[in-house]
Amino acid sequence: MSKALALEGIVNRSNEYLETHMDIDPLPIRLTRSFLDIPETHEEPLASILDALRLERIGSHLYRGINMPQVLGRVYGGQVFAQATMAAADTIEEDDPDTRLAHSITAAFLRPGDPHLPLLLKIEDLNDGHSFSTRNVSVFQHDLQLFHARVSFQLHQPGPTFAQPMPDAPDPESLPSLVELFTTMGSSMGTYWADMMRTNAIEMRYVDESIYLHPAKKREPHTRVWFRTRTPMPKNSSKTLQRALLGYAADQFMLDPIMRALGIYWTSPKIAVATLDHSIWWHRNFDISNWIYADLRGQSAQNGRGLVIAEFFQDGRLIATMSQEGMVRARPSSK
């Protein structure tokens, strides 16, 4: 199916939703349409992510988004997180959008989404002050809310600074990529996962062993990983886009320390893992095309939930702090 036909199908399904559930007149497919200004690239798989973030403006503070294909059959939470960041930023009225940047987001994932149906994002203005602006973001499919977030923006202002130093870590170029690790396994399972990793726009290199195919030998709630986009970001990528993509990337591994400590792994058929809530505090600007070091520590696991706090560094500077609580359940083995 061509991209044009696929888009037309998405628009038709979305228009049906608008008429039925939100009392909004549908938009004709052929009329001039307005999208977020996201730079283009022909390099896959990064191009597909940017397409998903190129939300369509379909009304005042109302946006329509497409989903990326997912093996698990549900919408990827990091995608929705990034889309919410971009939609909220689009409602900030500044001549230069990078002068009032998102500095924090607190999000709740309420239920899984269907990757075959469009997303509708509704923005609510909570505050526009001299220094700070605040937005609520609600994401829907049909009449169900999938996601809710509060995003705060701050006008760039000078002030005193300090930050925690970056921990010692090996150079990322000295570490094997996940594609290399899976390829050297010399098995059909290794080949399958190597191919899967090539379709991931984020390249990751773990300092310690990965837990994709087997549990960690050392069970401690600590993960260290380098990552960047597999291909460089397009020129003129905004700082807001960079921040949105940091959330997209990190959602892939934020719960890793909990799983390490519990002795479970990503491809185990006996686990259920899902993000419940995710917060980011962006401290400094960065370029996700270049290596970012993430130091993640599990704080607690109980009642099928786990909490992780993570620090992110680039060029030795602390660029962001995150917290994520997720559902991490392991079914007992049958006797």
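Remarks on the overall build of the chain
When you go through the chain residue by residue, the secondary structure sums to seven helices and 13 strands. Out of the 335 residues belonging to the chain, those deemed buried represent 50%. Partitioning the intrachain contacts of the chain with sequence separation of at least 6 by distance along the chain shows that 70% fall at a separation of at least 24. Split by element, the accessible area of the chain, about 16,600 Å² in all, is 52% carbon and sulfur.

Considering the packing of aromatic side chains
One pass over the structure, following the stated rule, counts seven aromatic pairs. Ring geometry for tryptophan 226 versus tyrosine 293: centroids 5.1 Å apart, planes at 50 degrees, classification tilted. Of this pair, tryptophan 226 sits in strand 9 (residues 222-229) while tyrosine 293 sits in strand 11 (residues 292-302), and the two are 67 residues apart along the sequence. Take tryptophan 226 and tyrosine 293: they sit in the same class, and that class is buried. With 5.3 Å between their ring centres and 55 degrees between their planes, phenylalanine 227 and phenylalanine 253 make a pair best called tilted. Residue phenylalanine 227 is located in strand 9, and its partner phenylalanine 253 is located in the loop between helix 6 (239-250) and helix 7 (256-262); the two are separated by 26 residues in the primary sequence. The same class applies to phenylalanine 227 and to phenylalanine 253, which are both buried. Members of the aromatic cluster, connected to one another through ring pairs, are Trp226, Tyr293 and Phe313.

Quick look at the pattern of salt bridges
In a structure, side chains of opposite charge can pair up when their charged atoms sit close to one another. By the definition in use, this model includes 16 salt bridges. The closest approach of N and O atoms between arginine 228 and glutamate 173, which form a salt bridge, is 3.8 Å. Separated by 55 residues along the polypeptide, arginine 228 in strand 9 and glutamate 173 in the loop between strand 7 (144-155) and helix 4 (178-183) bring together distant segments of the chain. We note a salt bridge from aspartate 256 to arginine 260, for which the minimum N-O separation is 2.5 Å. Linking aspartate 256 with arginine 260, this pair stays in helix 7, spanning four residues, or about one helical turn. Exposure class is identical for aspartate 256 and arginine 260. Each is buried. Ionic contacts of the salt-bridge type, sharing partners, join the residues Glu173, Glu203, Arg205 and Arg228 into one network.

Here's the deal with the pairing of strand 12 (residues 305-314)
When strand 11 meets strand 12, the two strands line up antiparallel, connected through nine bridges. What sits directly across from glutamine 302, in strand 12, is arginine 305. Hairpin remark: strand 11 followed by strand 12, antiparallel, with two residues in the connecting loop; positive phi at asparagine 303, about 55 degrees. With ten bridges connecting them, strand 12 and strand 13 (residues 317-330) associate as antiparallel partners. Note on strand 13: the bridge partner recorded for phenylalanine 312 is alanine 320. Linkage of strand 12 to strand 13, two consecutive antiparallel strands, is achieved through a turn of two residues, within which aspartate 315 is found at a positive phi near 55 degrees.

What to know about the side chain of asparagine 67
Inspection of the secondary structure puts asparagine 67 in the loop between strand 3 (62-65) and helix 3 (77-90). For asparagine 67, a relative accessible area of 13% puts it in the buried group. Within the local environment of asparagine 67, its side chain forms a polar contact with the side chain of glutamine 79, the two groups lying 2.7 Å apart. A distance of 2.6 Å separates a polar atom in the side chain of asparagine 67 from the backbone oxygen of leucine 117.

Things to note about helix 2 (residues 46-53)
Residues that lie three or four places apart on an α-helix share one face, since the helix turns once every 3.6 residues. Counting buried positions over the eight residues of helix 2 gives six, a clear majority of the element. If you check which residues of helix 2 are buried, you get Leu46, Ala47, Ile49, Leu50, Ala52 and Leu53. Tucked inside the fold, the buried residues of helix 2 contact helix 3, strand 9 and helix 6.

Notes on helix 3
The end-to-end C-alpha distance of helix 3, which contains 14 residues, comes to 20 Å, matching closely the 20 Å that a straight helix rising 1.5 Å per residue would cover. Within helix 3, 13 of the 14 residues are buried, which leaves the element mostly enclosed by the surrounding structure.

Some thoughts on the pairing of strand 5 (residues 119-128)
The pairing of strand 3 with strand 5 spans four bridges and is antiparallel. Looking at strand 5, one finds that leucine 62 is bridged to lysine 122. The turn linking strand 5 back onto strand 6 (residues 132-141) is made up of three residues.

Describing the confidence of the model for the chain
Counting all residues, the mean pLDDT for the chain is 89, and 88% of those residues have values of 70 or more. Below a pLDDT of 50 lies the segment residues 1-7, which in the model reaches three contacts outside its immediate sequence neighbourhood of four places, other chains included.

Description of the side chain of serine 131
Residue position: serine 131 is located in the loop between strand 5 and strand 6. You can call serine 131 buried: its relative accessible area is 17%. Here glutamine 157 takes part through its side chain, which lies 2.8 Å from a polar atom of the side chain of serine 131.

Conventions we followed
- Residues numbered from 1 in each chain as written.
- Predicted model: local features only at pLDDT ≥ 70, side-chain atom pairs only at ≥ 80, totals over all residues.
- Heavy atoms only, no water.
- Helix = DSSP H or I, 4+ residues; strand = E, 2+ residues; numbered from the N terminus.
- Buried < 20%, exposed > 50% of the residue type's maximum accessible area, 1.4 Å probe, protein only.
- Contact = heavy atoms within 4.5 Å.
- Areas by Shrake-Rupley, 256 points an atom, 1.4 Å probe, with all protein chains shown as cover.
- Phe/Tyr/Trp six-rings, centres within 6.5 Å; stacked < 30°, edge-to-face > 60°.
- Salt bridge = Lys/Arg side-chain N within 4 Å of Asp/Glu carboxyl O.
- Pairing = 2+ DSSP bridges.
- Polar contact = N/O pair within 3.5 Å; in protein donor to acceptor, adjacent residues only side chain to side chain.
- Expected span 1.5 Å × (residues − 1).
- pLDDT = per-residue confidence, 0-100.

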